[in-house]
Amino acid sequence: MERLENILERIASYNPSADLEIIKKAYIFSAKVHQGQVRISGEPYMDHPLEVASILTHLKLDPATIATGLLHDTVEDTYTTQDKIKEVFGDEIAELVNGVTKISKITFTSKEERQAENFRKMIIAMSKDIRIILIKLADRLHNMQTLDALNPEKRIKIARETLDIYAPLANRLGIGWIKTELEDLSFKYLTPERHKELEELLMKKSAERLKYVEEVISILENKVKEHGLDAEVTGRPKHLYSIHKKIESQGLDFDDLYDIIAFRIIVGTVKECYETLGMIHSLWKPIPGRFKDFIAIPKPNMYQSLHTTVIGPHGDRIEIQIRTHEMHKIAEYGIAAHWRYKEGIQIPEKDDKRFAWLRQMLEWQKELKDPSEFMETVKIDLFPDEVFVFTPKGDVKEFPRGATPIDFAYNIHTDIGRRCTAAKVNGKLVPLRYVLKNGDVVEIITSPNHNPSKDWLKFVRTSGAKTKIRQWIKTEEREKSIELGKEICEKEFKKHDLDFNKMLKSGELEHIAKTDFNMQNILNLLAGIGYGKTSVHQVLTKILPPEKLRREEKGFLGLQKVLQRIKKPPKEGVIVRGVDNIMIRFARCCNPLPGDKIIGFVSRGRGVAIHTVACQNVLNIDVERRVDVEWDKGFKTIRPAKIEVICRDTKGVLADMSAAITSKEANISSADIRTTSDKKAVCTFGLEVNGLAHLKDIIKSLQKVKNVIKVQRMVS
């Protein structure tokens, strides 16, 4: 529990002239009106305002703000009135308490438009005094720190609104440490198992990581001293939520993350920032495309630093941030740092660049009377995971980050999406794969003869666009299969002196489709024949007597047997349920091995393609073409497989890897070795294995080889 004495000492340390009496007075008043109240956890209620005040001292705020932290729940949760607060503490603190009380009554559920009016209230409160929202962030942070006391349903609800609303707001205000802690706490309660898993993975190698951090810090400290610079060097792992987001967004495993440690160098001047950058790049090789200059172009929340990723000691990637002491203060405290000790804490007009986004929101709340329209403008700046673009008429459209003009086109209308041939962004032609950015003006160019492409499914982001593209592809392929099914039936029926079209019109085939094949209609049966899932012979057995069918087929059955002997599909170790003697081919996109979970899809004229169930391309294939398949456990087969091994480029390592592979009785069919600039080698081996278990044994064997860094299966 935080103590009043600690709070007073902290205030005096950064503001020696502060009026500490107002803090003591607020503490006594709050303790008196909250007397006898307890939190859900069973702790005295007074613990909460003390912790909120403590958080505000870490932001180094003024006495009035910290006093409000102690008083923030008095009007809402006790019999105290607003007039009483004004009488005892004066207008300034009374206004702050009133502002926080109003915001506390806002109930957030998600980023729904119905919350627009509540956001307007919050922005108005911020316009009156930014300290109001800083107090609310401190309040939310302590509530998150003590969330265990609530039931699981409430924990999830509060964690979700924190991740949706308060963490982005802290980020937008530039208060990095509050944003980070809110994200990590939300992550902990929203996905506890994943949080625990990542925490344990970090702990496993914590001693090794600490040793590495100390080594890098020592190298950097010596280097900056050589250059005559007075610098502060620190290093620590990135926070859990940022690691989780990186894994999710890039589809990586934890072991694949090379730069989970961030190092920071704080120097005296901007000139020294760039000098330090040059020194680091001369020391270690930078990774192309991983340098960002946020000093020349600051982030909208005032954040400034140089970011670079380099190949550090032992060939490991490390991220280094370089900034001045002033930049570091802004990065940690944001708006709170900039307005410290200023009378009234109003938004200064002279700081037009740093606070343009906030002043813009304040202007919007005055000008935009429609709450939903106001919400659209706020979202652009507040939520980092959405992209907001404009139609040529100025309408705002919201998309997930990574969305493309195709997503935009389908959002306008299904026909616009289907006929989309090109797109203009900000007046210039762009590829349909172009990733939309905030503020883009998008214009779609259509053609009446154009249709969707399967390739679109590889880069569209919205579920609506994906669903509509798949529906069109499914309909198009079905129509082609129905036509092919008709052609096959007409030819085969003619051989048996049957008039297919006449039987189709009479409804006889419709009846057969429903009763004998349990299909909804004749079109489904024809599509099945076109795909190859159903044979015409199966249909003819329902029309002709067996003896007549055998007699009529007798003339060409002998030839059919000869052809089967000549061109019989080789046994591939896969059983297709309900179908005998069909050609099997393994999809190259995922290269299935015995032991993988598999699924089959009928291809016209090409038999059944076997994919792993995890293959991305499975999502793009019509489900009507799916057939159940399984590995024939009694059939022994040798299948090709590929693995990639990343190792240190040292003498004898290739021989050791070859020995590890052959020790598992596997044959190496091909090998491709290339070295990298950071003294590593990337080795691609083509192997012959008898299944997934065999391949896993080989991978485990390779992982034990000295100087091997990473081994993974390649699927294409």
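Keep in mind the model is a prediction, meaning the values are calculated, not measured. (Residues numbered from 1 in each chain as written. Predicted model: local features only at pLDDT ≥ 70, side-chain atom pairs only at ≥ 80, totals over all residues. Heavy atoms only, no water.)

Caption draft 1: Spotlight on the overall build of the protein. Per the secondary structure count, the protein includes 29 helices and 21 strands. Counting the 716 residues in the protein, one finds 47% classified as buried. The long-range share in the protein, meaning contacts at least 24 apart out of those at least 6 apart in sequence, stands at 64%. When the accessible surface of the protein is totalled, it reaches about 37000 Å², and 50% of it is carbon and sulfur. (Helix = DSSP H or I, 4+ residues; strand = E, 2+ residues; numbered from the N terminus. Buried < 20%, exposed > 50% of the residue type's maximum accessible area, 1.4 Å probe, protein only. Contact = heavy atoms within 4.5 Å. Areas by Shrake-Rupley, 256 points an atom, 1.4 Å probe, with all protein chains shown as cover.)

Caption draft 2: Quick peek at the state of the cysteines. All told, the structure shown has zero disulfides when counted by the stated rule. Cys647 takes part in no disulfide bond, and the closest cysteine sulfur to it belongs to Cys683, at a distance of 4.1 Å. (Disulfide = S-S within 2.5 Å.)

Caption draft 3: Representation of unusual backbone geometry within the structure. Look at Lys60: it is not a glycine, yet its phi comes out positive at around 60°. Structurally, Lys60 is set in the loop between helix H3 (47-58) and helix H4 (63-71). Exposure remark for Lys60: the relative accessible area of 30% places this residue in the partly exposed category. Of note, Glu665 is a non-glycine position whose phi angle comes to about 60°, a positive value. Of note, Glu665 is situated in the loop between helix H28 (653-662) and strand S19 (667-675).

Caption draft 4: Representation of the sheet that holds strand S14 (residues 598-603) in the model. If you walk across this open sheet you meet the four strands as S13-S15-S14-S16, and the pairing is mixed. Of all the strands in the sheet, just strand S13 (584-586) and strand S16 (626-627) have a single pairing partner and so form its edges. The pairing of S13 with strand S15 (residues 607-612) spans three bridges and is parallel. Across the sheet, residue Phe586 finds its bridge partner in S15, namely Ile610. (Pairing = 2+ DSSP bridges.)

Caption draft 5: View of the pattern of salt bridges. Within the structure shown, the criterion is met by 19 salt bridges. Among the salt bridges present, the one from Glu2 reaches Arg10, with a minimum N-O distance of 3.3 Å. Glu2 sits in the buried class, given a relative accessible area of 11%. The partly exposed category is assigned to Arg10, whose relative accessible area is 21%. Among the ionic pairs, Lys495 bridges to Glu492, the shortest N-O distance being 3.1 Å. Here the residue Lys495 and the residue Glu492 both occupy positions in helix H22 (residues 463-495), the gap between them amounting to three residues, near one helical turn. You can call Glu492 partly exposed: its relative accessible area is 23%. (Salt bridge = Lys/Arg side-chain N within 4 Å of Asp/Glu carboxyl O.)

Caption draft 6: Region of the structure containing the environment of Pro405. Looking at where Pro405 falls in the secondary structure, it is placed in helix H20 (residues 405-412). With 12 residues separating them along the chain, Pro405 and Gly417 place their C-alpha atoms 9.0 Å apart. With residues up to four places along the chain from it excluded, the contact list for Pro405 reads Ala423, Val430, Pro431, Leu432, Tyr434, Leu436 and Ile444.

Caption draft 7: The arrangement of a positive patch on the surface in detail. Judged by side-chain charge, Lys664, Lys696, Lys700 and Lys704 come together as a positively charged surface patch. Looking at where Lys704 falls in the secondary structure, it is placed in the loop between helix H29 (692-703) and strand S21 (708-714). (Patch = residues over 30% accessible without salt bridge, like charges linked within 9 Å, V, L, I, M, F, W, Y side chains within 5 Å. Lys, Arg positive; Asp, Glu negative; His and termini not counted. Charge placed at Lys NZ, Arg CZ, Asp CG, Glu CD.)

Caption draft 8: Structural detail: helix H25 (residues 522-531). Across the 10 residues of H25, eight count as buried, placing the element largely inside the fold. Between the side-chain oxygen at the start of H25 and the backbone nitrogen of Leu523 there is a gap of 3.1 Å, and the oxygen is on Asn521. (Polar contact = N/O pair within 3.5 Å; in protein donor to acceptor, adjacent residues only side chain to side chain.)

Caption draft 9: Region of interest: the sheet that holds strand S9 (residues 420-425). Read across the open sheet, the three strands follow the order S10-S9-S11; overall the sheet is antiparallel. The outermost strands of the open sheet, each flanked by one partner alone, are strand S10 (428-430) and strand S11 (442-446). Across this sheet, the average inter-strand angle for adjacent strands is 35°, counted without regard to direction. Lying on the sheet, H20 is in contact with S9, S10 and S11; it crosses S11 at an angle near 80°. (Axes fitted to C-alpha atoms, helices over the stretch in contact; angles between N-to-C directions.)

Caption draft 10: Spotlight on the confidence of the model for the protein. Looking at the protein as a whole, its pLDDT mean stands at 80, while 81% of the residues score no less than 70. Low pLDDT, under 50, characterises residues 555-569; the stretch is placed with six contacts to residues that sit more than four places away or in other chains. (pLDDT = per-residue confidence, 0-100.)

Caption draft 11: Broad picture of the packing of H3 against helix H9 (residues 131-145). The contact between H3 and H9 brings their axes to 9 Å, and the two run at 125°. As far as their axial angle goes, H9 and H3 are oblique. In terms of crossing hand, the pair formed by H3 and H9 is right-handed. When H3 is examined against H9, the residues Asp47, His48, Glu51, Val52, Ile55 and Leu56 are found in contact with a partner set consisting of Leu134, Ile135, Ala138, Asp139, Leu141, His142, Asn143 and Gln145. (Parallel < 35°, antiparallel > 145°, perpendicular 65-115°, else oblique. Left-handed = near helix turned anticlockwise from the far one by under 90°.)

Caption draft 12: Molecular detail of the environment of Leu173. Looking at the element boundaries, Leu173 is found in the loop between helix H10 (152-172) and helix H11 (176-190). Taking C-alpha positions, Leu173 is 8.3 Å from Met302, a pair spaced 129 residues apart along the chain.

Caption draft 13: How the structure looks around a negative patch on the surface. Taken together, the side chains of Glu479, Glu483, Glu487, Glu490 and Asp499 define an acidic patch exposed on the protein surface. By the secondary structure assignment, Glu487 is in helix H22.

Caption draft 14: Quick peek at the packing of aromatic side chains. Under the counting rule described, the total for this entry stands at six aromatic pairs. Both rings, one in Phe29 and one in Phe89, keep their centres 5.5 Å apart while their planes meet at 85°; by these two values the pair is edge-to-face. Placement of the pair is Phe29 in helix H2 (residues 20-33) and Phe89 in helix H6 (residues 82-89), with a sequence separation of 60 residues. Classification of Phe89 as buried rests on a relative accessible area of 10%. (Phe/Tyr/Trp six-rings, centres within 6.5 Å; stacked < 30°, edge-to-face > 60°.)

Caption draft 15: Representation of the packing of H10 against H11 within the structure. Contact geometry for H10 and H11: axes closest at 9 Å, N-to-C directions at 160°. The angle between the axes of H10 and H11 places the two elements in the roughly antiparallel class. H10 and H11 meet at a crossing whose hand is left-handed. Taken together, the residues of H11 that come into contact with H10 (itself represented by Arg155, Ile156, Ala159, Arg160, Thr162, Leu163, Tyr166, Ala167, Ala170 and Asn171) are Ile178, Lys179, Leu182, Glu183, Ser186, Tyr189 and Leu190. Within the contact of H10 with H11, the residues separate by chemical class into 10 nonpolar, three polar and four charged. (Nonpolar A, V, L, I, M, F, W, Y, C, P; charged D, E, K, R; others polar.)

Caption draft 16: Inspection of the pairing of strand S2 (residues 261-267) at higher detail. Extensive coverage of S2 is indicated by the burial of seven of its seven residues. Neither face of S2 is open: one carries Ile261, Phe263, Ile265 and Val267, the other Ala262, Arg264 and Ile266, and all of them are buried. Of the strand pairs in this sheet, S2 and strand S6 (residues 317-324) are connected by six bridges, and their pairing is parallel. For Ile265, the partnering residue across the bridge sits in S6 and is Ile322.

Caption draft 17: Structural view of the pairing of S9. Inspection of the sheet shows S9 paired to S11 by five bridges, in the antiparallel sense. Each residue of the ladder has a partner; that of Ala423, found in S11, is Ile444. Pairing of S9 with S10, which is carried by three bridges, proceeds in the antiparallel orientation. Note on S10: the bridge partner recorded for Ala423 is Val430. Hairpin connection from S9 to S10: two residues lie between these consecutive antiparallel strands, with Asn426 at a positive phi of about 55°.

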